[in-house]
Structures are given as C-alpha cells and as structure tokens.
Amino acid sequence: DNWFARAKGMEHEPERGVRYLSDASYWLYLVHLPLVVYGQHLLRDVDWPVSVKLPVLTVGVIAVLIAAYQLVVRPTWIGRLLNGPRPGRAVQPTTP
C-alpha cells in the first residue's frame, strides 16, 4: 500500500505507452550516444539546415533504438537486467 502515491492521487497503473517508454528510456540513455555521433558523421556533408538535420537525427536515433529495444532487448535477459521481470509474468525457473 503506497500512501505517498495515494496522497498524490497517483495510485492507478500508468498507461501502457507511458510504461513502455519508461522501460525503454534506460536503454535509450545507455546506447544513444554512439548512434548520435554516427548520425552526425553521416549528416555532416548533407546540405540541409541544422533545423532539419537535428529533428531527422533525433527521430532516426529514437526509432532505431526503440526497434532494437523491442526486438533485441525487451524479450531477452538484457531487458530483465535493465528493468527487472515484467509485471504479470511469472519468472520461469531454469533447470540445469
């Protein structure tokens, strides 16, 4: 029983999309820098204004990292390491 959350009126479960982005955010934080640097390298000679390059790079990096999170991180041990076991799922015992 979380009295602090109840006092703030936040005892309900977060929406699925918010929860998903919350789980993915640590992965994005850990891995984004190499992709941003690589993206800057790719875009350095493109004749676009910075006001176009920045959103293209940002959306591109986020899209790649969310896809990687969904396909490679979330269903594997990496996802469990970063976020713990997913709620509502029983941890499967391992047999030697």
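As a starting point, this report considers the structure included with it. What you are looking at is a predicted structure, and each value in this text was computed from that prediction instead of being measured. (Residues numbered from 1 in each chain as written. Predicted model: local features only at pLDDT ≥ 70, side-chain atom pairs only at ≥ 80, totals over all residues. Heavy atoms only, no water.)

**Regarding the pattern of salt bridges**
Part 1 of the reasoning: Overall, the coordinates contain two salt bridges when judged by the stated rule.
Part 2 of the reasoning: The partner of Asp23 in a salt bridge is Arg19, with the nearest N and O atoms 3.2 Å apart. Residue Asp23 and its partner Arg19 are both found in helix 2 (residues 16–43); the two are separated by four residues, about one turn of the helix.
Part 3 of the reasoning: The exposure class assigned to Arg19 is partly exposed, which follows from its relative accessible area of 32%. (Salt bridge = Lys/Arg side-chain N within 4 Å of Asp/Glu carboxyl O. Helix = DSSP H or I, 4+ residues; strand = E, 2+ residues; numbered from the N terminus. Buried < 20%, exposed > 50% of the residue type's maximum accessible area, 1.4 Å probe, protein only.)

**Concerning the environment of Val73**
Part 1 of the reasoning: Assignment of secondary structure puts Val73 in helix 3 (residues 50–73).
Part 2 of the reasoning: Counting along the chain gives 46 residues from Val73 to Trp27, while the straight-line C-alpha distance between them is 8.3 Å.
Part 3 of the reasoning: Those residues in contact with Val73 that sit more than four places away from it in its chain are Trp27, Ala68, Ile78, Gly79 and Leu82. (Contact = heavy atoms within 4.5 Å.)

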